[in-house]
Amino acid sequence: MDLSAINPVLFIAGFFVAATPLIFAAIGELVVEKTGVLNLGVEGMMITGAICGFAVAVETESPLLGFAAAALGGALLSTLFAFLTQVMLANQVASGLALTLFGLGFSALLGQSYAGMKPPRLEDVDFGPLGDIPVIGPVFFSHDIIVYLGLGIVIAVWAVLKFSRAGLILRAVGENHDAAHALGFKVKRVRALAIMFGGACAGVGGAYISLIRVPQWTEGMTAGIGWIALALVVFASWRAFRVLLGAYLFGGLVQLQLNLQGAGVAIPVEYLAMSPYVITIVVLVFLSRSRSAAPGSLGRIFHASS
Amino acid sequence: MTTPLLSLSALTKAYPGVVANDSVSLDIGAGQVHALLGENGAGKSTLVKMIYGLVKPDAGTMQMNGAPFTPSEPRAARAAGVGMVFQHFSLFDAMTVAENIALGMENAPKLGALSAQITAVSESYGLPLSPDRIVGDLSAGERQRVEIIRCLLQEPKLLIMDEPTSVLTPQEVEILFKTLRKLSAEGTAILYISHKLEEIRTLCDHATILRLGKVVGECTPRETTARDMAEMMVGKLLSTPTRAGQTAGDVMLTLSGLKAPAPNMFGISLKDISMELRAGEILGIGGVAGNGQDELLAALSGERPVAAGMLRFKDTDIGPLGPKARRAIGLLAAPEERMGHAAAPDMSLTENAMLTGATRMQLQNSGFLNWPAATRFAERVIAQFDVRTSGPAAAARSLSGGNLQKFVIGREVMQKPEVFVVNQPTWGVDASAAAAIRQALLDMASEGAALIVISQDLDELMEISDRFAALNEGRLTPPRAAQGITVEEIGLMMGGAHDMEVAHA
């Protein structure tokens, strides 16, 4: 075992990369759940985003176009969910599970011819002299644009939910859809838009795995990140910054266990591989012991007749 | 005659199978307090929903100040100066007062500025309210203030109030009426929906009476008796509940120093309640909502058992017994909340009848349920209490509030309890059904049962109680004879002025 092989700077910089897919998926799902909808299809939307992004990036040789396609693909798939749950009033849990199964299968079909290919690389953002600062430079100023975009989205979601009227309406719809309807807010429209936002975020999160983190296409490569995102939203008590914190914790642990594996620590690989999932959930369970902050109408079907 | 503020002509709205409003016309002048009267299902709420833009009329027109008025959504109605205070409060529990108010406003200012406005309006209209509190922590009376202030901040020309006084003490009703009169003097028209005819007589300038979706009459409430208005509403002669002569019997239920901790952070703890309840009497318990009514019912029904020695049924100590054991010996209870507490919404009436009637009606046999007997029991409740439903197989959710209330009260009454505790027996029930429920309660008492009726409706308590007591922050005032008690005295009892009572006695 040789722990000195771990470079602390690269290790910490790796946090951000490992956490980014989870940040996107979880912050999107947070917005969806804040409107009172439980979309269990995060995993399916992520994997769909992963293949859409990968395919378009390979064909156009532009990673950014790939991410745009991933957002579009995730949003399109989530529109199916919005149609089922908001128009056809189908059960949200069943529809979400179906979405995940469909996404996994459909992405495998789309990805048939892309296995083993190498996607174009997305350049890191050039911060000029900032990037040359020792330690701080490589840790904070040496990432691609998507990492910063994820951070920006979390801050934006927090600010919109807390300070803007749109955020207030969004929370109101999730808190009590009957009262929101009585005040004249378009419950279904707000929910459909939130679902599509969640789909787009999940898609980008998925594409980050296939285009940057791995980077290549394999079936089922999201490997449960979508499910962790769902758990993260609940245990973060539907708060944006706790989601961020939880995602970094998870990303850090993933990084750590990879490094420990590389350093040949005498713990079976299986335990190391499961540790990020277990530790993240345990920590968040303790954080969320206080009063439940779940949106009042979460998972309930809204029908305007009552 | 000047152009009325709002003029409805021949408004018609039909839902599948029922015409909710059939060619309804009425005029409301600026500054007029206009009462809208009618039983449940008479079409009052459909009518105000059309004015508020929640429902589109099938036919007919509305005019505001002579110009056509067709609000496509509540936002448009609010912009035109229509404000509405809902019967079932349209509030968001997890949000603050200020956020709730901002949601109901067009062009809401920043929260800081809004808080200042809320404080200003609440002071000028005598409706104390702190903008930073979480709505989930507020009492029903305070929640209503949130709704009223939300409307007032938009300076409405027409304020619609749906059953506003059901949750208030007489003193609070006075404050509300002062507020409404002040508004009316300032030129705001008020469309006032209520079952309480005496209130309408004190407050309103004009009344329109609806029955089965049609306007059946108009009157000036001050010049019409409550009885005449009630009869226009139901279209038949009302029978005032009557009771046979009563003699107080043996002591059935004794509470001695009953205490119970608050069930949750929003609840009230019961503090040292002592009293005796005798066979054949009805003890009415008043009080503002949230002063321990639900907790007292839970302690008496056995949902939250109390320590040994605090509660005796005849000679048996029943403090630690649960609801099932208490039911078996004859103490039955009906809670306030129909959906989810008194009845399971998604289960059929038969299943709901089984849930509380299994023991006393012998609906089970060594663990096996006798469904045919339960169905017969449900059918008897439906027939005897005139529950309008498609039959015992209907889901409880499908019944209107009033009909479900008749069912859940009837279900307990038919089990012939020796002691019956009921919370809000006629909440949201129309006048004739309320009279029927009260009559059933009186009949039980004359047959020798002892009753505790907890209610927010003081008129109801005065009508049926032999003795009256009030709950205030978990304390019960000593019961006193209901005969000859005045509204002021009741108000003092509800406000917690325990010693004043000695002076009045």
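These numbers were taken from a predicted model, which means no experiment stands behind them.

**Focus: the environment of Gly235(B)**
Residue and element names in this part refer to chain B.
Alright, step 1. Structurally, Gly235 is set in the loop between α8 (226-234) and β11 (251-260).
Alright, step 2. Look at Gly235 and you get partly exposed, because its relative accessible area is 47%.
Alright, step 3. When the C-alpha positions of Gly235 and Arg211 are compared, they lie 7.8 Å apart, and in sequence the two are 24 residues distant.

**Structural notes on the pattern of salt bridges**
Residue and element names in this part refer to chain B.
Alright, step 1. Tallied over the entire structure, the rule returns 20 salt bridges over all chains.
Alright, step 2. For the salt bridge of Asp22 with Lys214, the shortest nitrogen-to-oxygen distance reads 3.4 Å. With Asp22 in strand β2 (residues 18-28) and Lys214 in strand β10 (residues 214-219), this residue pair connects regions lying 192 residues apart in the sequence.
Alright, step 3. Residue Asp22 is classed as partly exposed on the basis of its relative accessible area of 28%.
Alright, step 4. Look at Lys214 and you get partly exposed, because its relative accessible area is 44%.

**Some thoughts on the sheet that holds strand β5 (residues 67-68) of chain B**
Each strand in a sheet pairs with another by means of backbone hydrogen bonds, the pair being arranged parallel or else antiparallel.
All names here are of chain B.
Alright, step 1. Pairing in this open sheet of four strands is antiparallel, and the strands run β2-β1-β4-β5 from one edge to the other. Because the sheet does not close on itself, it has two edges, and the strands there are β2 and β5.
Alright, step 2. In the sheet, strand β1 (residues 6-15) pairs with strand β4 (residues 59-64) via five bridges, with the strands oriented antiparallel. In the strand pairing of β4, Ser7 is matched with Gln63.
Alright, step 3. Most of the contacts of helix α1 (residues 44-51) go to β1, to which it runs at about 120°, and overall it touches β1, β2 and β4.

**What about the interface of chain A and chain B?**
Alright, step 1. Between chain A and chain B, the residue contacts involve 16 residues of the former and 22 residues of the latter.
Alright, step 2. Surface buried jointly by chain A and chain B totals about 1,600 Å² across both partners, of which 62% is contributed by carbon and sulfur atoms.
Alright, step 3. When the buried area of chain A at its contact with chain B is split by residue, Arg165(A), Leu168(A) and Leu183(A) rank highest and sum to 35% of it.
Alright, step 4. Inspection of the chain A/chain B interface yields two salt bridges.

**Side note on the sheet that holds strand β6 (residues 82-85) of chain B**
Residues and elements named next belong to chain B.
Alright, step 1. Reading across the sheet, the six strands line up as β6-β7-β8-β3-β9-β10 and stay open at both edges, with mixed pairing between neighbours. Sheet topology places β6 and β10 at the edges, where each strand pairs with a single neighbour. With direction set aside, neighbouring strand axes in the sheet form an average angle of 20°.
Alright, step 2. Where strand β3 (residues 33-37) and strand β9 (residues 206-211) come together, four bridges link them in parallel fashion. Looking at the pairing, Leu36 lines up with Thr208 of β9.
Alright, step 3. Against the sheet, helix α6 (residues 170-185) contacts β3, β7 (158-162) and β8 (189-193), and its axis sits at roughly 145° relative to β8.

What counts, and at which threshold
Residues numbered from 1 in each chain as written. Chains lettered and ligands numbered in written order. Predicted model: local features only at pLDDT ≥ 70, side-chain atom pairs only at ≥ 80, totals over all residues. Heavy atoms only, no water. Helix = DSSP H or I, 4+ residues; strand = E, 2+ residues; numbered from the N terminus. Buried < 20%, exposed > 50% of the residue type's maximum accessible area, 1.4 Å probe, protein only. Salt bridge = Lys/Arg side-chain N within 4 Å of Asp/Glu carboxyl O. Pairing = 2+ DSSP bridges. Contact = heavy atoms within 4.5 Å. Axes fitted to C-alpha atoms, helices over the stretch in contact; angles between N-to-C directions. Buried area = accessible area lost by both parts, 1.4 Å probe.

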